[in-house]
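Close look at the chain arrangement
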Amino acid sequence: MITRESLMDDLHRIGVSKGDVLYVSADLSRIFFDERSSTIFPQLSAREIVDLLLFVVGDKGTLVAPAFTSSNFGVFGNANLFFNGKTLSTSGVLSNEMLTHPDHMRSNHPTHSFVAIGAVSEQLLHGHSCQSETYLPVRKMIRYNAKQIRIGTMNTTPGFVTVHFAEQTLLLDKLVIFPWLNNVYIKINGNLKLFRTKSRGLCSKQQWRLFSYYVKSEILSVGRIGCAYSILSSMSEAYDIEKDVLLNDKTLLICKNVVCVSCNARRWDRLHRMPLWIIIKIIKKILRLH
Ligand SMILES: [Zn+2]
C-alpha cells in the first residue's frame, strides 16, 4: 500500500525537510503505478498530495511549481488565446491543483507564470510579469537555497528548470530566431494587449546529457516517491554545473531529431539546417494528404 505516511517517509528519505523552498515537477499518476509489476495502487487525490507536500515543508517552507500557459505562434496574435491569471496551466495536474488552493499565489508572467504556497511565496513571485526576465522566480529560488524535485517525470522531461535559467544568463536564449513569434494576449486595465515573448528556452529533449555532470559532482539524491522514480538536487548546485557545462559547449543540448523545430528552424546558429527542415515538413504534409 502507498499511504500518506509512506509517501512522507519517501520524501524525507530523498531529502525534503521542514523549512525548504521546494520546486516540484511531478507526474502524480506514476506515484501509484508500479510499471515493473503493472500494479495500480489506490490513489491519493491531487489535493491530498499538495497538502502532504505542504505538511512536509512545514509552515516555514514554500512549495513552488511551474504554471506555464500556451502561446500562439505567428506574426499576429490569436484573440481566442489570452492570459488572465486564472488561465489553466499546461504544466500538469499538480500545478492546476495548486492553483485552486486557497493560499496560492501566481506570478503574472503571461507564458511562464509560477504558482507558490507558503512562507516566501510573495518574495519569490513579486515582480515576475511581462516586463521581467522569464525565469525570475528561479533566480530568486536559487538565492533562497531552494531544492528541486522531479517526481516520475524522468522518462518524459528529464531536465531541471535551472537549465533554462542557465541558458538565459548565458544569453543562449538569444540564439532563438524571432522569439516574439510566440505571443499571447493579456488584459491590462480592461484592454487586451499583445505580449510578445522576449526569451524562450532552447530544446529540452537532450537535457539528460547533463546528468553525467550531476552524478560526477554527487549533487543528486535519487529515490522513489511511491512508485515514481524521482531525483532531488539543490537548485544552486545544479545551476552552477549547468552554467559551466553550457558555457563550454553551447551545442550540447541540440537534439538529433530532424523535425525538431527548436533545433533545426529556430536557432540562428543552425540556420543551415532550415532548408532541410522545410523540405521534410513539406514531404510529411504531402504524404498526410494522400
Ligand atoms: Zn531539439
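The following paragraphs examine the structure supplied in this document. (Residues numbered from 1 in each chain as written. Predicted model: local features only at pLDDT ≥ 70, side-chain atom pairs only at ≥ 80, totals over all residues.)

1. Digging into the overall build of the protein chain
Operational definition: In this text, helices come from DSSP runs of H or I with a minimum length of four residues, and strands from runs of E with a minimum of two, each type numbered from the N-terminal end. C-alpha atoms define the radius of gyration in this analysis, and the globule rule sets the expected value at 2.2 Å times the number of residues to the power 0.38. With C-beta atoms placed from the backbone, a residue counts as buried when 20 or more other C-beta atoms lie within 10 Å of its own, as exposed when 12 or fewer do, and as partly exposed for counts between those limits. Each residue gets a C-beta atom placed from its backbone, and two residues are in contact if those atoms lie within 7 Å.
Helices and strands together make up the secondary structure of the protein chain, namely eleven helices and 13 strands. Here the protein chain has a C-alpha radius of gyration of 20 Å; the compact-globule value for 290 residues is 19 Å, and the two agree. The principal-axis extent of the C-alpha atoms belonging to the protein chain is close to 55 × 45 × 45 Å. Considering the protein chain as a whole, with its 290 residues, one finds that 39% of them fall into the buried category. Contacts spanning at least 24 positions in sequence make up 70% of the contacts within the protein chain whose residues lie at least 6 apart.

2. Some details on the environment of L44
Examined against the element boundaries, L44 turns out to sit in the loop between β3 (39-40) and α3 (46-57). Expressed as a C-alpha distance, the spacing of L44 and H101, which sit 57 residues apart in the sequence, is 16 Å. Sequence-distant contacts of L44, that is, excluding residues within four places in its chain, are made with R4 and I49.

3. Some thoughts on the sheet that holds strand β12 (residues 221-225)
This is how it is decided: Any two strands between which DSSP finds at least two bridges are classified as paired.
One open sheet holds the seven strands; their spatial order is β7-β8-β4-β1-β9-β13-β12, and the pairing between them is mixed. The open sheet has two free edges, formed respectively by β7 (105-106) and β12, since each of these has just one partner strand. The pairing of β12 with strand β13 (residues 228-234) spans five bridges and is classified as antiparallel. When the sheet's bridge partners are listed, R224 is paired in β13 with Y229.

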